[in-house]
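Secondary and tertiary structure notes
Single-letter residue listing:
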Amino acid sequence: MELHIVIEGRKDLGGQLYRQLSDSIRSGRLADKQQLPPSRLLAEQLGLSRKTVSDVYTRLTQERLVIGQVGKGSFVNAPAEAKPRRQIAGNLASSAIVAKWDAMHTPLRIPFPEGRSRYEFIGGCVTTGQFPNDEWRRCMLHGLRQDIKGSGMYRQAEGIAELRAAIAHHAAYARGVVCTAANVVVTNGAQQALDLLGRVLLEPGCVVAVEEPGYPAARMLFASQGAQVVGIGVDDQGMLVDRIPDGTRLIYTTPAHQFPLGMPMSVARREALLARALQIGAIIIEDDYDSEFRYEGRPTDSLQSMDRHGVVAFVGTFSKVMLPELRLGYAVLPEAVLNAVLTVKHLNDWHTATASQHALAKFIGDGSLSRHIRRCGAVYATRRERLQSLFAAELSPWFELVPASAGFHLAALCKRPIDLDLLLRLARRADVGLYPLSNFYATTPPKAGLFLGYGGIETLDIDTALLRVRDILQQME
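Below is a short write-up of the structure. Worth saying up front: this structure is predicted, and the values here are computed from it rather than measured.

Here the focus is the pairing of strand E10 (residues 312-317). Along E10, 6 of the 6 residues are buried, which leaves the element largely enclosed by surrounding structure. As paired strands, strand E9 (residues 283-287) and E10 are joined by 4 bridges and run parallel to one another. The residue bridging Ile-284 from the neighbouring strand is Val-312, located in E10. The pairing of E10 with strand E11 (residues 329-332) spans 4 bridges and is antiparallel. Bridge assignment links Val-315 to a residue of E11, and that residue is Ala-331.

Written out as structure tokens, the structure reads:
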């Protein structure tokens, strides 16, 4: 890789080189401690004599902008004030659109705005201690070998055939999803699946119905696409279907484990939702984000498995059962939107990285995913029991848990008036990270309570953390 230097004409060659290198170092374009090319190599690249380059390096060294290390080379020694120049357009035609994005509230973007606490009840974090690193490493090496043996060309937008077949089998086995590999599209996380469906189905002004409270990132995504997002309330049976307005194009729901409250949608409500979607011509997005972890009762059918008219798009993710860093998800799509979504995916990012696709296909096929889910499920079950026990005893005067049989978060509703803002601040000082349910409401008065993710806190830490919360509550009275 060549250093970007432009030499014009045949006059003042050393001066041109010196000024460009000096400006690049002082402006921060060349990073501190970055190695410069050897004088012989740079001279050959620029068509200069080696003496000219050596003289410039000597001058920069005398000015302490470059440091020479015997046997290693010459390295940038940037001044403390060196930083890349920021150029800001003064009369941007799209300034109003940019301002809209700048002002958008993204509560899940920075999970620890005040610094991570010792005891964190943040949602979405998964347990990492049980992750089979050695097995995943072997699968990734397999994926890299498959890539090396590949054609060196871009691949299909829907994902490699091996992974789509593995996902179809997994979704059918774990959630009763009715599909073949042909209906599966591999995505960069569930969020991309939502984005693709929104791009296909929505135009500015279209109505999207989402649960209230619900997943903020879905609501904001559809709003950013120009949709009119309508919050639909929930009760102990799930989304209140009779409140979905006429003209709705898209319905977003989390029926297996309502986000964030946690209750499952009843069978009667699911049937009503399917009937309402068919009546108004809407597509339902079933976000099945963490239902692989189930602790009690009989598993319920996925909404997609009850669909007889091709109106449900089933969206799943491996972020919750493996690691969020992998950015791997999928959508099982009805025929009516499949080809359109593939076109958008092709234009959006062409395809998901194939090495990780090959690795995941092997991870699923070897049974490693099923074993990992069982291990994590046992850990989450123990943590859930500790939370339930403490909220039924020490914290019972203040909170009541919403019954939930799946996932790895719980919602706790206030039983009496509590200054939650004060509680959260005092808990943070005690090294306990608590989060309010109000983050998940957009248009209606929020229920007072806490959102308790237990994927990222160790089992032995739960008692310590919640007893500190109890002590704080006692002091607040």
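Moving on, we get to unusual backbone geometry. Here the residue pair Glu-212 and Pro-213 is connected by a cis peptide bond, since its omega of 5° sits within 30 degrees of zero. Among the secondary structure elements, Pro-213 is positioned in the loop between strand E5 (207-212) and helix H8 (216-224). Cis peptide bonds are those with omega within 30 degrees of zero, and the linkage from Phe-259 to Pro-260 qualifies with 15°. Position of Pro-260 relative to the elements: it lies in the loop between strand E8 (248-253) and helix H9 (267-280). A positive phi angle, close to 75°, is found at Lys-33, a residue other than glycine. In this fold, Lys-33 is placed in the loop between helix H1 (13-27) and helix H2 (39-46). If you check the backbone angles, Trp-350 has positive phi at about 70° while not being a glycine. Examined against the element boundaries, Trp-350 turns out to sit in the loop between helix H11 (335-349) and helix H12 (354-365).

The next thing to look at is the packing of helix H6 (residues 161-175) against H12. As a packed pair, H6 and H12 sit with axes 8 Å apart at the nearest point and diverge in direction by 40°. The orientation of H6 relative to H12 falls into the category oblique. Note on packing geometry: the crossing formed by H6 with H12 is left-handed. Mapping the contact onto sequence places Glu-162, Leu-163, Ala-166, Ile-167 and His-170 in H6 and Gln-357, His-358, Leu-360, Ala-361 and Ile-364 in H12.

With that out of the way, let us pick up the pattern of salt bridges. The final tally for this structure, using the stated rule, is 20 salt bridges. A salt bridge links Asp-12 to Arg-19; the nearest nitrogen and oxygen atoms lie 2.9 Å apart. With a shortest N-O distance of 3.3 Å, Arg-384 and Glu-296 are connected by a salt bridge. Pair noted here: Arg-384 is in helix H13 (residues 368-392) and Glu-296 is in the loop between E9 and helix H10 (303-306), with a separation of 88 residues, a long-range link. On the accessibility criterion, Arg-384 (5% relative accessible area) is buried. On the basis of relative accessible area, Glu-296 is assigned to the partly exposed category, the value being 44%. A single network of salt bridges, built from pairs that share partners, joins Arg-26, Arg-59 and Glu-63.

With respect to topology, 4 strands assemble into an open sheet ordered E12-E13-E16-E15, the strand pairing being antiparallel. Strand pairing shows two members of the sheet lacking a second neighbour, strand E12 (399-401) and strand E15 (435-436), which therefore form its edges. As defined by bridge partners, E15 adjoins strand E16 (residues 449-453) across 2 bridges and the pair is classed as antiparallel. Bridging from a neighbouring strand, Pro-436 pairs with Leu-450 of E16. Along the sheet, H13 makes contact with E12, strand E13 (409-414) and E16, crossing E12 at roughly 145°.

Right, let's talk about helix H7 (residues 189-201) for a bit. For H7, built from 13 residues, the straight-helix expectation of 18 Å at 1.5 Å per residue is met to within 8% by its first-to-last C-alpha distance of 19 Å. Burial analysis of H7 places 10 of its 13 residues in the buried class, the great majority of the element. For H7, every residue scored as buried is listed here: Gly-189, Ala-190, Gln-192, Ala-193, Leu-194, Asp-195, Leu-196, Leu-197, Gly-198 and Leu-201.

Strand-to-strand pairing in sheets goes through backbone hydrogen bonds, with the strands running parallel or antiparallel. Pairing is mixed in the open sheet, where 8 strands are placed in the order E4-E11-E10-E9-E8-E5-E6-E7. Every other strand in the sheet has two partners, leaving strand E4 (184-187) and strand E7 (238-239) as the edge strands with one partner each. Pairing between E8 and E9: 4 bridges, direction parallel. Bridge pairing in E9 places Thr-253 opposite Glu-286. Against the sheet, H7 touches E4, E8, E9, E10 and E11, its axis set at about 155° to E10.

In this section: the environment of Pro-397. Looking at where Pro-397 falls in the secondary structure, it is placed in the loop between H13 and E12. With relative accessibility at 36%, the residue Pro-397 sits in the partly exposed group. With 213 residues separating them along the chain, Pro-397 and Val-184 place their C-alpha atoms 48 Å apart. Contact partners of Pro-397, with chain neighbours within four places excluded, come to Lys-415 and Arg-416.

About the cut-offs
Numbering of residues starts from 1 in every chain and runs along the sequence as written. For this predicted model, a pLDDT threshold of at least 70 governs which residues receive local features, and a threshold of 80 or more governs which side-chain atom pairs are given and counted, while totals over whole chains, interfaces and linings are taken from all residues. Remark: hydrogens and water are excluded; side-chain values derive from all non-hydrogen atoms of the structure. For every residue, the accessible area (1.4 Å probe, protein chains only) is compared with the maximum for its type, and the residue is labelled buried under 20%, exposed over 50%, or partly exposed between those bounds. A helix here means a DSSP run of H or I that spans at least four residues, while a strand means a run of E at least two residues long, and both kinds are numbered starting from the N terminus. The pairing criterion for strands is at least two bridges between them, as found by DSSP. In this description, a line fitted to the C-alpha atoms serves as the axis of each element, helices being fitted only across the stretch in contact, and the angle between N-to-C directions of two axes falls anywhere from 0 to 180 degrees. Any angle that is under 35 degrees is reported as roughly parallel, and any over 145 degrees as roughly antiparallel; angles of 65 to 115 degrees are reported as roughly perpendicular and all others as oblique. Working rule for handedness: look at the near helix, and if it is turned counterclockwise from the far one by less than a right angle, call the crossing left-handed; if clockwise, right-handed. Residues count as neighbours in contact if any of their non-hydrogen atoms are within 4.5 Å of one another. A carboxyl oxygen of Asp or Glu within 4 Å of a side-chain nitrogen of Lys or Arg is what we treat as a salt bridge. Multiplying one less than the number of residues by 1.5 Å gives the expected span of a helix.

Shape descriptors only; they carry no functional weight alone.
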